[in-house]
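Structural overview
The residues making up each chain are set out below.
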Amino acid sequence: MYLKAIANAVPEAAYTQKDCWDILVGSGELEKLKPRSVQILQKILNSDQSSIQKRHFAMPDMDHIFDLDAEALNRGFEREAPKLSEQALQSALDQAGLSAQEIDALFVCTCSGYLCPGVSSYVAEHFGMKPSTALQDLVGLGCGAAIPTLRSAANFIAGNPTATVACIAVEVCSAAFFLDDNPGVLISLCLFGDGASASIWGGDIGSASSAYRVRNFDTEHRPESREALRFRNSGGKLRNQLHKSVPAVAASAVHTLWERAGVEDYSKIVTHTGGRDVLDAL
C-alpha cells in the first residue's frame, strides 16, 4: 500500500522536564516515596543531558493529576483521545487533498484508556464519514501498536484495492500516570507524553509522481517476555510495568525478523522506485 499523507497532533500545553519536577514537588507526592525514588526522579527530570526537551499533556490541571481517581482519569482519556485523533486526521486529510467522506476504512490504535464503542466511532461521527466506512479499534497492543494497525490496513486494501484508508495512533499518557517506588514506574513517569499520528493509504500510487510503499509485514511474538513491559491494574488505575531487559528483548526480536527476511543490514531492505525510497516494513 502507498502512503498518501502523514500528520500528527499534540496538546497545546507543553512541559519541560524541569516543569514536571516542579509539578511533583508541588503535589506533595514525593513525601510518599522512598528517598532513593526521589533521587531517581530528581536525577532524570533535572538532568541537563536529557534528550527530552518537552512533553505535551492533554489532561487539565496537571498540578493535581495524582489526586484523580481511576474514573476521572479515564474520563480524561474519553474526552481528549478523540480530539487529538480528529486534529491529526484533519491535518492528514488536508495534506492529501481529501475529504473525510472519501475514507473507506478507519483503523485506530491506543492503550492508555478505554472507550466502547472505540475512538474510531467518535472520529467517524465528528467528520460525518459515510455509514459504510469500516471502523476498527486495536486496543491493548502497547508501544508497537502502529505496526499491526498498518498491517490491518494493508489487509483491508489487499481485499479492496481501490480503497482509501486512514490509520490513527493516539495516546493520552497523562491519563495513565502512576507513581510508586518501583523503578520501572518512576522511569515511565519521566518518558511519556500525549499525542496522535494519522496516516492515509491507498492501493496504488495515484496521481503522485512518487510515494512511499510499505509491504512484507512479519511477526515475532514472545509471550514469555510479556511481563517485561505491560500495563497492570492497580486500584483501578493503569500502572506501567517496565523492566530493564526491554531494550535487549526488543533488539533480539528485531534481529530475528531481519534474519528471517534474509537481511544483513538496514540498507538492503530499502529499495528505490518512482524517485522515492520504498521500505519493506518488518
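Bear in mind the structure is a predicted one, so any value in this text is a computation, not a measurement.

**Points about the pattern of salt bridges**
- One pass over the full model with this rule turns up 13 salt bridges.
- A salt bridge links D104 to K130; the shortest N-O distance between them is 2.7 Å. Of the two residues, D104 is situated in the loop between α3 (70-96) and β4 (105-110) and K130 in the loop between α4 (119-127) and β5 (134-139); the sequence distance between them amounts to 26 residues.
- By relative accessible area, which is 22% here, D104 ends up partly exposed.
- Here E227 makes a salt bridge to R232, at a shortest N to O gap of 3.1 Å.
- Its relative accessible area of 37% is what places E227 among the partly exposed residues.

**Considering the sheet that holds β5**
- Pairing is mixed across the open sheet formed by 5 strands, whose spatial order is β1-β7-β6-β4-β5. A strand with exactly one partner marks an edge of an open sheet, and here the two such strands are β1 (2-9) and β5. Neighbouring strand axes in the sheet, compared pairwise and without regard to direction, differ in orientation by 15 degrees on average.
- The sheet strands contacting α3 are β1, β4, β6 (164-172) and β7 (194-202), and the helix crosses β1 at an angle near 135 degrees.
- Strands β4, β5, β6 and β7 of the sheet are contacted by helix α5 (residues 146-159), whose axis makes an angle of about 165 degrees with β4.

**What to know about the packing of α3 against α4**
- Between α3 and α4, the shortest axis-to-axis distance is 9 Å and the interhelical angle comes to 55 degrees. With respect to their mutual orientation, α3 and α4 come out oblique. Crossing hand, α3 versus α4: right-handed. Residues F77, A81, P82, S85, E86, L89, Q90 and L93 of α3 form the contact with α4, whose own contacting residues are V119, Y122, V123, H126 and F127.
- For the contact of α3 with α4, the class distribution of residues is 9 nonpolar, 3 polar and 1 charged.

**A word on the pairing of β5**
- As defined by bridge partners, β4 adjoins β5 across 6 bridges and the pair is classed as parallel. Bridge assignment links V108 to a residue of β5, and that residue is D137.
- A crossover links β4 with its parallel partner β5, the connecting element being α4, and its sense is right-handed.

**Remarks on unusual backbone geometry**
- Cis geometry is found at the peptide bond from C116 to P117, where omega equals 0 degrees.
- By the secondary structure assignment, P117 is in the loop between β4 and α4.
- Look at D61: it is not a glycine, yet its phi comes out positive at around 50 degrees.
- Mapped onto the elements of the fold, D61 is located in the loop between β3 (55-56) and α3.
- In this structure, N216 takes a positive phi of about 55 degrees despite not being glycine.
- With respect to the helices and strands, N216 occurs in the loop between β7 and β8 (229-234).

Definitions and limits used
Residues numbered from 1 in each chain as written. Predicted model: local features only at pLDDT ≥ 70, side-chain atom pairs only at ≥ 80, totals over all residues. Heavy atoms only, no water. Salt bridge = Lys/Arg side-chain N within 4 Å of Asp/Glu carboxyl O. Helix = DSSP H or I, 4+ residues; strand = E, 2+ residues; numbered from the N terminus. Buried < 20%, exposed > 50% of the residue type's maximum accessible area, 1.4 Å probe, protein only. Pairing = 2+ DSSP bridges. Axes fitted to C-alpha atoms, helices over the stretch in contact; angles between N-to-C directions. Contact = heavy atoms within 4.5 Å. Parallel < 35°, antiparallel > 145°, perpendicular 65-115°, else oblique. Left-handed = near helix turned anticlockwise from the far one by under 90°. Nonpolar A, V, L, I, M, F, W, Y, C, P; charged D, E, K, R; others polar. Right-handed = clockwise from strand over helix to strand, strands pointing away.

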